[in-house]
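One-letter residues, chain by chain:
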Amino acid sequence: MASSVSGTEEVRVSALTPLKLVGLVCVFLALCLDVGAVLSPAWVTADDQYYLSMWVSCWKPVSSVEWSCNSTLTTDWQIATLALLLGGAALTLLSFLVALISLCFSSRSRCYKPVAVMLFSAVVLQVCSLVLFPIKFIETVSLRVYHEFNWGYGLAWGSTIFSFGGAILYCLNPKNYEDYY
């Protein structure tokens, strides 16, 4: 008794994989951290006498209770740092939107490479800004008190790390990892 199959089996493979969903979450977290880093008032702090953000630099003399503040957008290196950081954040936002739109429509797998390229580009811009910032800060600002790079700077590094993770996840080819699904 032989049985014959009269039709062909249709195997439907989804281009959406858990790796891509985790990549999308990484990109979203990177965006949130970017916003926090850019808006943070604490990139550098020094013993309740000095703080520096991307937008303003404030100091307080020891004998005074009032803070004196100036815009940080007057020196080239601070403008360059901000421009590189915002450029990376813009690329991260664009890649998030492309990944989200491609998730909602059927063009998922065609958008993975552009998303990965945009994320890698964002990482390069952000790393450049995060390396430039402490080098130029130490070179130009002379504080006579203990100072530290604070949570705003750390958020920017966190954003860069999540962008890098998302870029790697969008580079992975799901056809090579069928056993994981």
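Because the structure is predicted, anything quoted here is derived from the model rather than measured. (Residues numbered from 1 in each chain as written. Predicted model: local features only at pLDDT ≥ 70, side-chain atom pairs only at ≥ 80, totals over all residues. Heavy atoms only, no water.)

A. Summary view of the packing of aromatic side chains. For the coordinates displayed, the defined rule picks out 14 aromatic pairs. Between Tyr153 and Trp157 the ring centres are 6.4 Å apart and the planes differ by 85°, which places this aromatic pair in the edge-to-face class. Of this pair, Tyr153 and Trp157 both sit in helix α4 (residues 151–171), four residues apart, which is roughly one turn of that helix. A relative accessible area of 29% means that Trp157 is categorised as partly exposed. (Phe/Tyr/Trp six-rings, centres within 6.5 Å; stacked < 30°, edge-to-face > 60°. Helix = DSSP H or I, 4+ residues; strand = E, 2+ residues; numbered from the N terminus. Buried < 20%, exposed > 50% of the residue type's maximum accessible area, 1.4 Å probe, protein only.)

B. Focus on the sheet that holds strand β3 (residues 56–59). Taken together, five strands build an open sheet; the order of strands is β4-β3-β2-β1-β5 and the sheet is antiparallel. The open sheet has two edge strands, β4 (68–71) and β5 (148–149), and neither has a second partner. With two bridges connecting them, strand β1 (residues 44–46) and β5 associate as antiparallel partners. Counterpart to Val44 in the pairing with β5 is Phe149. (Pairing = 2+ DSSP bridges.)

C. Quick look at the nonpolar core. If you look at the biggest cluster of nonpolar residues, it comprises 16 residues, and the most contacted ones within it are Trp43 and Phe133. Residue assignment for this core shows that the elements contributing at least two residues are α1 (18–39), β1, β2 (50–52), α2 (76–104), α3 (112–140) and α4. Contacts of Phe133, omitting those with residues within four sequence positions, involve Trp43, Val44, Leu52, Met54, Trp77, Thr81, Phe149 and Tyr153. By size, the runner-up hydrophobic cluster in this structure holds eleven residues, among which are Ala99, Tyr112, Ala116 and Leu119. (Core = buried A, V, L, I, M, F, W, Y, C linked by side-chain atoms within 4.5 Å. Contact = heavy atoms within 4.5 Å.)

D. Broad picture of α2. Here α2 is 29 residues long and its end C-alpha atoms lie 42 Å apart, about the 42 Å a rise of 1.5 Å per residue gives. All of the buried residues in α2 are Trp77, Gln78, Thr81, Leu82, Leu85, Gly88, Ala89, Thr92, Ser95, Phe96, Ala99 and Ser102. Against α1, β2, α3 and α4 lie the buried residues of α2. (Expected span 1.5 Å × (residues − 1).)

In short, shape yes, function no, at least from these values alone.
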